[in-house]
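# Structural features, examined
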Amino acid sequence: MSTQQDLPPSKDGLFRTKTVEQSIRDTEEPEHALKKSLSALDLTVFGVGVIIGTGIFVLTGKVAKETAGPATAIAFVVAGVVCALAALCYAEFASTVPVAGSAYTFSYASLGELVAWIIGWDLVLEFALGTAVVAVGWSGYVRSLLDNAGWHLPDALSGPDVAKGFGFDILAFALVLVLTVILVLGMKLSARVTTVVVAIKVAVVLIVIIAGLFFIDTANYSPFIPEAQPQPSGSGLDAPLVQLIFGYAPTNFGVMGIFTAASVVFFAFIGFDVVATAAEETKVPQRDMPRGIMASLFICTALYVAVSIVVTGMEHYTELSVSAPLADAFKAVGHPFYAGVISFGAAVGLTTVCMILLLGQTRVFFAMSRDGLLPRFFSKTHPRFRTPYRPTILLGVLIAVIAGLTSINELATLVNIGTLFAFVVVALGVIVLRRTRPDLHRAFRTPWVPLIPILSVAASVWLMLNLPAETWLRFGIWMVIGVVIYFAYGRGHSRVHRSTK
């Protein structure tokens, strides 16, 4: 068992690093160890489960109608390539440092404690808001299904958007609490639940693709790349940051419209990085983490491309519905039955998205607590289930309340900027660790370093610049709060810091 005294830091100060050996040694402490129960298949299922959500059911129509037309399929490929660049970097880190915490742990080993804290604080926000937003979206789908069946919830229990005065989204609240219990009971149970739900979700997507093939009218693909049109100019904090800085205004349609669309559909891929948070609970992480990350990304990209080709072939892109493109496309060709199937698939699918985001949140919080940057109270695992039950319960209850009391769709872009920021840090970390620790055994090596990480950084930064300036402002405020907490508590309680005294 390791102790505080046997954790010598590689350097002191704000950028002191925690060595890979130290990180792995911490996972062997009985009270702070997680149970290893996941396989490559489990990780792939987790990845597919969290990536395929509202993006495939909603985003396809919005982007096709407003930005790219039938060329939306190409936009999904471009976004998939951007994610693949980041995934290659994640795969190297996850196989080299198989410890809970994902980008936080990777940053601690390569870029130093302050950067690690910042990225950990960023991930806490990303996963918490992501879980709450998805839970609210799931509640909307379920209420729609209940309404179709003739069952109506009181307005006061349907969320603040529809209630007059006080409103509470009881369905979103209940979902997060149930998923919290499942996560406390164990990762293998979580994996089994996810496997069943993902199977249903993928089956629905395949039904849409196969059934839709019979209703494609090739005339709807003309023009495949519509003529370019200037986007309406934004103003103030609503405008993309790239427009305020460089005066560049993105275009709709045309070749450049495909790249504009890629910056939108990218958000349909958010979540594959959550797979890396389960590295410590994987049986053979050096082999299975790269397989799980890359396989889930490839499967989801293929499904996204297929769905976008089918839906733009069934109905001309100018006539697609923005709110429910797949369901309405089947209604347009006289098959409303599939609309109900799609709504059911969306509701089921969002269940796994919510659970896996909550899983990622608790693992990052657990890792930061084990390092002393957050109270060590939260780093104890359950004596029977070997899960981080304390942070799971705390965060589950808090997020359930947030999901029940607020409609935070306007904060959803914070999830996006948080993910892209993590991509940048991980890519830079690969370059740094290659230089500082060339001796490490790397079961998976990112090819063409530093070219691939540099391309990943450039692509991620470009997508970040296309986000509204208001999102950057909110993100900056959250980061400032995090830095204050680090200097007030984390820096002094850090186990690496205390080992130098």
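It should be noted that the structure appears before, not after, this text.
Reference entry: report on the structure contained in this document. Everything numeric in this text was worked out from a predicted model, so none of it was measured. (Residues numbered from 1 in each chain as written. Predicted model: local features only at pLDDT ≥ 70, side-chain atom pairs only at ≥ 80, totals over all residues. Heavy atoms only, no water.)

## Brief notes about the overall build of the protein chain
When you go through the protein chain residue by residue, the secondary structure sums to 18 helices and two strands. Taking 23 Å as the expected radius of gyration for a compact globule of 501 residues, we find that the protein chain reaches 22 Å, a close match to that expectation. With respect to the three principal axes, the spread of C-alpha positions in the protein chain is 70 × 50 × 45 Å. Burial status across the protein chain gives 59% buried among its 501 residues. Here the contacts in the protein chain between residues at least 6 apart in sequence split such that 83% fall between residues at least 24 apart. (Helix = DSSP H or I, 4+ residues; strand = E, 2+ residues; numbered from the N terminus. Rg over C-alpha atoms; globule rule 2.2 N^0.38 Å. Buried < 20%, exposed > 50% of the residue type's maximum accessible area, 1.4 Å probe, protein only. Contact = heavy atoms within 4.5 Å.)

## Some details on the nonpolar core
Core analysis: the largest hydrophobic core is formed by 145 residues, its most contacted members being Phe57, Tyr90, Tyr104 and Phe272. The dominant element in this core, judged by the number of residues it contributes, is helix H6 (residues 113–148), at 18 residues. The contacts of tyrosine 104, once residues within four sequence positions are left out, are Ala116, Trp117, Ile119, Gly120, Leu123, Val364, Ala367, Met368, Asp371 and Leu373. (Core = buried A, V, L, I, M, F, W, Y, C linked by side-chain atoms within 4.5 Å.)

## Focus on the pattern of salt bridges
Under the criterion given, the structure shown has 16 salt bridges. The closest approach of N and O atoms between lysine 18 and aspartate 371, which form a salt bridge, is 2.3 Å. One end of the pair, lysine 18, is in the segment before helix H1 (20–26); the other, aspartate 371, is in the loop between helix H13 (337–370) and helix H14 (389–405), and 353 residues separate them in sequence. The pair formed by lysine 18 and aspartate 371 is uniform in burial state, with each residue classed as buried. Because the salt bridges share partners, they merge into one network encompassing Lys18, Asp26, Glu29, Asp371 and Arg495. (Salt bridge = Lys/Arg side-chain N within 4 Å of Asp/Glu carboxyl O.)

## Notes on the side chain of serine 494
Within the element layout of this structure, serine 494 appears in the loop between helix H17 (469–493) and helix H18 (495–498). Here the side chain of serine 494 touches glutamate 113 through a polar contact of 2.6 Å, side chain to side chain. If near-sequence neighbours (up to four positions away) are discounted, serine 494 is found in contact with Arg16, Tyr108, Glu113, Asp371, Gly372 and Leu373. (Polar contact = N/O pair within 3.5 Å; in protein donor to acceptor, adjacent residues only side chain to side chain.)

## Concerning unusual backbone geometry
Across the junction of serine 222 and proline 223, the peptide omega takes the value -5°, indicating a cis bond. Mapped onto the fold, proline 223 is located in the loop between helix H8 (187–213) and strand S1 (229–230). In the segment running from valine 449 into proline 450, the intervening peptide bond is cis, with an omega of 10°. Tracing the sequence through the fold places proline 450 in the loop between helix H15 (412–436) and helix H16 (451–465). For serine 102, which is not glycine, the phi dihedral falls at a positive 55°. Examined against the element boundaries, serine 102 turns out to sit in the loop between helix H4 (72–96) and helix H5 (103–110).

## Describing the layout of surface pockets
Counted as a void, the second largest pocket has a volume near 320 Å³. As for the second largest pocket, its lining consists of 17 residues, and the residues nearest its centre are Trp121, Val124, Gln361, Leu395 and Trp478. Ranked by residue count, the leading element in the lining of the second largest pocket is H6, at five residues. (1 Å grid on protein atoms, 1.4 Å probe; cavity = no way out; pocket = protein on both sides within 12 Å on 5 of 7 lines; lining within 4 Å. Points joined across faces, edges and corners; volume = space filled by probe spheres on them.)

## Thoughts on the environment of proline 383
Within the secondary structure, proline 383 is located in the loop between H13 and H14. Overall, proline 383 belongs to the exposed group, its relative accessible area being 64%. Measuring from C-alpha to C-alpha, the distance between proline 383 and alanine 100 comes to 18 Å, with 283 residues separating the pair along the chain.

## With respect to the packing of aromatic side chains
With the rule as written, the count across this model stands at 19 aromatic pairs. Ring geometry for tryptophan 117 against tyrosine 486: centres 6.0 Å apart, planes inclined by 40°, an arrangement best described as tilted. Highlighted residues: tryptophan 117 in helix H6 and tyrosine 486 in helix H17, separated in sequence by 369 residues. Both residues of the pair, tryptophan 117 and tyrosine 486, belong to the buried class. Here the aromatic rings of phenylalanine 337 and tyrosine 338 are separated by 5.6 Å at their centres, their planes lie at 70°, and the arrangement is edge-to-face. Overall, the relative accessible area of 61% leaves phenylalanine 337 in the exposed class. Since its relative accessible area comes to 23%, tyrosine 338 is described here as partly exposed. Linked through ring pairs, Trp117, Trp121, Trp478, Tyr486 and Phe487 together constitute an aromatic cluster. A cation sits over an aromatic face here: arginine 390 above phenylalanine 377, 4.1 Å from the ring centre. (Phe/Tyr/Trp six-rings, centres within 6.5 Å; stacked < 30°, edge-to-face > 60°. Lys NZ or Arg CZ within 6 Å of the ring centre and 35° of its normal.)

## Let's talk about H13
At 3.6 residues per turn, the α-helix brings residues three or four places apart onto the same side. The end-to-end C-alpha separation of H13 is 51 Å, in line with the 50 Å expected for 34 residues at 1.5 Å each. Across the 34 residues of H13, 30 count as buried, placing the element largely inside the fold. Glycine 372 sits one or two positions beyond H13 and adopts a positive phi of about 85°. (Expected span 1.5 Å × (residues − 1).)

## Things to note about the side chain of threonine 72
Along the chain, threonine 72 turns up in helix H4. With relative accessibility at 0%, the residue threonine 72 sits in the buried group. A polar atom in the side chain of threonine 72 sits 2.7 Å from the backbone oxygen of glycine 69.

## Some remarks on the packing of H6 against H13
Between H6 and H13, the shortest axis-to-axis distance is 8 Å and the interhelical angle comes to 160°. Classified by the angle their axes make, H6 and H13 are roughly antiparallel. The way H6 lies across H13 gives a crossing that is left-handed. Class assignment for the residues of the contact of H6 with H13 results in 22 nonpolar, eight polar and no charged. (Axes fitted to C-alpha atoms, helices over the stretch in contact; angles between N-to-C directions. Parallel < 35°, antiparallel > 145°, perpendicular 65-115°, else oblique. Left-handed = near helix turned anticlockwise from the far one by under 90°. Nonpolar A, V, L, I, M, F, W, Y, C, P; charged D, E, K, R; others polar.)

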